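# Commentary on secondary and tertiary structure
If you want the building blocks of each chain, they are given just below.
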Amino acid sequence: MRKIQIQILFIFLAGTFISFAQQPQKPNSVEIYNQIKKLNFLGSVLYLAAHPDDENTRLISYLANEVNARTGYLSLTRGDGGQNLIGPQLRELLGVIRTQELIEARKIDGGEQFFSRANDFGYSKNPDETLKIWDKDKVLSDVVWTIRKFQPDVIINRFDHRSPGTTHGHHTSSAMLSVESFNLTNDPKVYPEQLKYVKPWQVKRQFFNTSWWFYGSQEIFDAASKSNFTKLETGVYYTGIGKSNQEIAALSRSRHQSQGFGSTGARGNETEYLELINGDTPKDRNQLFDGIDTTWNRVKNGKPVGELISRIITKYDFNNPSASIPELVKAYTMIQSLEDDHWKNLKSAAIKNIIASCSGLYLEAVASEQEATPGSTVKLSLEAINRSPVEMELTSVTTLPDHKNTVQNTILKNNNDLKTTLQLELPATIEYTQPYWLKEKASVGMYTVSNQEIIGTPDIIREAKVIFNVKINGVEIPFERIVAYKYNDGVKGEMYNFLDIVPEATTSILEKVLIFKDTKSKMVPVKVRAGKDDIKGNLQLELPNDWLVSPKQIPFALEKKGMEQTFYFEVTAPVQPEDAVAKSIVTIDNKHFDKDVTIIDYSHITKQMVLKSAESKCLRIDLKTSGNTIGYIMGAGDEVPESLAQMGYKVTILKPEEITPEKLDSFNAVITGVRAYNTVNALANKQKILFDFVKSGKNMIVQYNTYGKTVTDQIAPYPLKISNDRVTEENAKITFLAPNHPVLNIPNKISTKDFEGWTQEQGLYYPDQYDAAFTPILSSHDKGESPKNGALLVAPYGKGYYIYTGLSFFRELPEGVAGAYRLLSNIISLKQPIEAPKQELKK
């Protein structure tokens, strides 16, 4: 099992509630009151943009907490194509992290989260490219689906649909698709297959959330006329929880830790501006829902419900929330008789949570172990406690997905903790726990989700649940709880996770890229992990026939669940260069298991389990290397050191305090990881040591940093300015500006073929201004743009070389791009010619 664990302490704040990410919420009296008020508002607004962190958390928090509207955020992607400031995960693993960060953000600002199937394939410079790669029709169908399902009265776009080419192509595309959907969602002829599950729906108004950013500067925006804008004063102060709207929004935005979006809260007046794009204009421009019925009157037979909830609000006792339970139960009963399924389901779920909160009703189902296999039995510990004088009875509990009902008929007396155990029978067909959007094969631009009903669902779908059927004031109410797993940490206290369904065995090829520079065999380590007790089987490593693998299979036996064992296969590559995929397969009782488990464990999000095919890329390449020791200074996080080790280098990870002349003396080269000069503050005081290292005859290679936010202005020994230049078309034509330079010739002869097969992008944040001491080596550009010459800059300094590169080695090497390995070897191998000693002239 690959486990990535970085502990980050944080405070999760929803109102005044402090917790780890997974723990159940326990709202206080003020928060309960606010939830009851929200029961009486029947209006919805959907905010729409392209990525995690695009959302305006100030506006979402204001709408959810001040207006009391049901507020959703539709992020078309899960942010898979971004960078990662907290670890090495990229692509779909980064998307899993950013998905969870959005879910945590919504817990704080009060919104709900949704996604489309669009895959964030990286930076795009125009919407034409974006919509071609995404499959416009599928993403548009997902937008229509989300709107029909969520039924917003108002849609707010984060970006302007009228300005293609001025921002990220994903941004503009999100707004364009939103605008196009406005006249489609109510047409039953559009995506009629959706109408099996949802009804056509017409949004009343659609806005663009404009700001100074879209005008170029605050000064220009301040001078612009805003008479046609809807203005919302969002700088409110919530007296009940002692925080401003901006402070809550900052806490929400700070959940985007992987993107470095920690935010400081503000206070005071603040205005958000909305430009009407579609629909009718509010008569009162300061009221988003003006003219829209947001009361229970919009629901047939709903008026009495609203009147009852109004009385509950008026009579609410902050010192005794349980006094509201009898009328809340009555309101729950009235809601069950409504014909409008949409509001019936939404308000039923909300009022059940309120009833539980008012009574201190705590219900929990905890598994004895965190992992279980399909077809197994799980021991559950159940807890039910009523902390109010209201009469309650636990009539039965129902386990899911086996739908087994167990009669209890136990009175829940005030503050008497009921604990019992139960067996949960997991069916053999239960799905493994994993992000559902990663289960099927994806394309570059789209994830595949065949089940229409779950498209847009934000989180992992967990089937193991327990329904507590509780009779309150004579009315039986079902309360559903996901089966949890918890334990006590000696430092952090109670830690929560969920029950994960895992395969009987998982396997992993420990090195994800295997480099074969010749036909000399390699020992390849392959790990097997038991998902249950007493497993026996055979392990195979599959490769094409021209690759030799010995032995053909290895028998194994693991006695205990969680046990791991590593086995070794001898692999010999063919004579000619070739790429191949190695697959690890476990066979137990004629059943095949071929999944590799990656655990993503950061303390600011729920622990995630990702199942991927147990594969590794094998490269038989013509690769020559020079030098053998490298010091690597990690930046934001990448997997380049593992790739260097595969090339045959001895790599040492250097901590900033270890950057001393004595320590560096043993290395042929020093490489800084991606964004090191954005994230490692100590580097500001280490530059002289590093430059002296170069002067002595060694090489320093600096990988990309973002512009404008470096820890020092002098990241190079000569003037160099980083820009926003990038080449997003990974197959853009490469021109060699210095074809005779050693970096393109020694020890590997580099050709344009070495730039074939690159993924996502060629490079990013190229310098556009640099000293004449630098030699630009490569030039390329996206279609319709001017040449970008800053991808690889080489400068002699003293006896060594300083190299700055924005090429995306951090993406290409883990993907097994052969040319990236060959070029990086040449960069590391650079040497200045040795001058012949001068001879004295004989007289």
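Residues numbered from 1 in each chain as written. Predicted model: local features only at pLDDT ≥ 70, side-chain atom pairs only at ≥ 80, totals over all residues. Heavy atoms only, no water.

### A few points about the side chain of Ser-388
What counts, and what does not: Helix and strand definitions follow DSSP, with helices as H or I runs of at least four residues and strands as E runs of at least two, each counted in order from the N terminus. Only protein chains enter the accessibility calculation, which uses a 1.4 Å probe. A residue is then buried if its area is under 20% of the maximum for its type, exposed if over 50%, and partly exposed in between. Counted as a polar contact is a pair of N or O atoms within 3.5 Å, where, for protein atoms, one must be capable of donating a hydrogen and the other of accepting one, and residues adjacent in sequence contribute only when both atoms are in side chains. Pairs of residues are marked as contacts when any of their non-hydrogen atoms sit within 4.5 Å.
Its place among the elements puts Ser-388 in the loop between β15 (377-385) and β16 (392-400). On the basis of relative accessibility, which here comes to 2%, the residue Ser-388 falls in the buried class. Within the structure, the side chain of Ser-388 is placed 2.8 Å from the side chain of Asn-386, a separation counted as a polar contact. When sequence neighbours within four positions are dropped, the list of residues in contact with Ser-388 reads Ser-322, Ile-325, Ser-359 and Asn-414.

### Quick word on the pairing of strand β25 (residues 513-516)
We count it as follows: Two strands make a pair as long as DSSP finds a minimum of two bridges between them.
Burial along β25 is two-sided: Val-513 and Ile-515 facing one way and Leu-514 and Phe-516 facing the other are all buried. Relative to strand β35 (residues 615-620), β25 is paired through 4 bridges, and the arrangement is parallel. When the sheet's bridge partners are listed, Leu-514 is paired in β35 with Cys-618.

### Considerations on the confidence of the model for the protein
Test applied: Confidence scores per residue from the predictor, reported as pLDDT, run from 0 to 100.
For the protein, the mean per-residue pLDDT works out to 94, and 96% of the residues sit at or above 70. The low-confidence segment residues 1-21, where pLDDT is below 50, has 75 contacts with residues more than four positions distant or belonging to other chains. Low pLDDT, under 50, characterises residues 836-843; the predicted model gives this stretch 0 contacts beyond four residues in sequence or across chains.

### What to know about helix α11 (residues 341-359)
How we decide: By definition here, a helix of n residues has an expected span of 1.5 Å times n minus one.
Here α11 contains 19 residues, and its C-alpha end-to-end distance of 27 Å stays within 8% of the 27 Å for a straight helix at 1.5 Å per residue. Along α11, the residues that are buried comprise His-342, Trp-343, Lys-344, Lys-347, Ser-348, Ile-351, Lys-352, Ile-354, Ile-355, Ala-356, Cys-358 and Ser-359. N-cap assignment for α11: the residue whose side-chain oxygen lies 3.0 Å from the backbone N of His-342 is Asp-340.

### So, the sheet that holds strand β19 (residues 465-472)
Sheet strands pair by backbone hydrogen bonding; their relative direction is either parallel or antiparallel. Selection criterion: Note on geometry: axes are lines fitted to C-alpha atoms, helical ones only across the stretch in contact, with angles between N-to-C directions running from 0 to 180 degrees.
Pairing is antiparallel in the open sheet, where 4 strands are placed in the order β17-β16-β19-β20. Looking at strand neighbours, the two that pair on one side only are β17 (404-411) and β20 (475-482), the edges of this open sheet. Neighbour to neighbour, the strand axes of the sheet diverge by 20 degrees on average, direction disregarded. One ladder, built from 8 bridges, connects β16 with β19; its direction is antiparallel. Its bridge partner lying in β19, Leu-400 is registered against Lys-465. Sitting on the sheet, helix α10 (residues 325-336) touches β19 and β20, and the angle it makes with β20 is about 85 degrees. Packed on one face of the sheet, α11 meets β16, β19 and β20 and runs near 95 degrees to β20.

### A closer look at the sheet that holds strand β43 (residues 775-776)
The sheet built from 7 strands is open, its strands ordered β37-β36-β38-β39-β46-β45-β43 with mixed pairing. The open sheet is flanked by β37 (650-653) and β43, the only strands paired with a single partner. Where strand β38 (residues 669-672) and strand β39 (residues 699-702) come together, 4 bridges link them in parallel fashion. Directly across from Ile-671, in β39, lies its bridge partner Ile-701. Of the strands in this sheet, β36 (629-633), β38, β39, β45 (792-797) and β46 (800-805) touch helix α15 (residues 687-695), which is tilted by about 125 degrees from β46.

### Section: the packing of aromatic side chains
Basically, it comes down to this: Stacked, tilted and edge-to-face pairs are distinguished by plane angle, under 30 degrees for stacked and over 60 for edge-to-face with tilted covering the rest, among Phe, Tyr and Trp rings (Trp via its six-membered ring) whose centres lie within 6.5 Å.
Taken as a whole, this structure holds 29 aromatic pairs when the rule is applied. Relative to Tyr-765, the ring of Tyr-707 has its centre 6.1 Å away and its plane inclined at 40 degrees; by these criteria the two rings are tilted. Highlighted residues: Tyr-707 in the loop between β39 and β40 (720-727) and Tyr-765 in strand β42 (residues 763-770), separated in sequence by 58 residues. Residue class for Tyr-765 comes out buried when judged on its relative accessible area of 12%.

### With respect to helix α6 (residues 169-181)
For α6, which comprises 13 residues, the first-to-last C-alpha distance of 18 Å matches the rise-based estimate of 18 Å (1.5 Å per residue) to within 8%. With 11 of its 13 residues buried, α6 lies for the most part within the structure. The complete set of buried residues in α6 reads Gly-169, His-170, His-171, Thr-172, Ser-173, Ser-174, Ala-175, Leu-177, Ser-178, Val-179 and Ser-181. Looking at the buried side of α6, the elements it contacts are β4 (44-49), α4 (127-134), α5 (136-150), β7 (154-157), β8 (205-210) and β12 (271-279).

### Side note on the nonpolar core
Condition: Nonpolar cores were defined as sets of buried Ala, Val, Leu, Ile, Met, Phe, Trp, Tyr and Cys residues, with membership established by side-chain atoms within 4.5 Å.
Ranked by internal contacts, the top residues of the largest apolar core, which has 73 residues, are Leu-644, Leu-690, Leu-792, Tyr-802, Leu-807, Leu-823 and Ile-828. Element by element, the count of residues in this core is highest for helix α17 (residues 818-829), at 6 residues. Ranked by size, the runner-up nonpolar core spans 54 residues in total, among them Cys-358, Ala-367, Leu-380 and Ala-384.

### With respect to unusual backbone geometry
For the bond running from Ser-550 to Pro-551, omega is -5 degrees, close enough to zero to count as cis. Relative to the helices and strands, Pro-551 resides in the loop between β28 (548-550) and β29 (554-558). For the peptide bond that leads from Ile-746 to Pro-747, omega is -5 degrees, which places it in the cis range. Along the chain, Pro-747 falls in the loop between β41 (735-736) and β42. The backbone phi angle of Arg-91 is positive, close to 50 degrees, even though this residue is not glycine. Here Arg-91 shows up in helix α3 (residues 91-109). Unusually for a residue other than glycine, Tyr-191 sits at a positive phi of about 45 degrees. Classification of Tyr-191 as buried rests on a relative accessible area of 12%.

### Quick look at the packing of helix α1 (residues 29-39) against helix α9 (residues 303-315)
Stated formally: Any angle that falls under 35 degrees is termed roughly parallel, while one over 145 is termed roughly antiparallel, one within 65 to 115 roughly perpendicular, and all others oblique. Each crossing gets its hand from how the near helix is turned against the far one by less than a right angle, where anticlockwise is left-handed and clockwise is right-handed. Residues are sorted three ways: Asp, Glu, Lys and Arg are charged, Ala, Val, Leu, Ile, Met, Phe, Trp, Tyr, Cys and Pro are nonpolar, and all the rest, Gly among them, are polar.
It is at 9 Å that the axes of α1 and α9 come closest, and there the two elements cross at 155 degrees. Viewed along their axes, α1 and α9 adopt a mutual orientation that is roughly antiparallel. The crossing of α1 and α9 is left-handed. Between α1 and α9, the contacting residues are Tyr-33, Ile-36, Lys-37 and Leu-39 on the first element and Ile-309, Ile-312 and Ile-313 on the second. Considering only residue class, the contact of α1 with α9 consists of 6 nonpolar, no polar and 1 charged.

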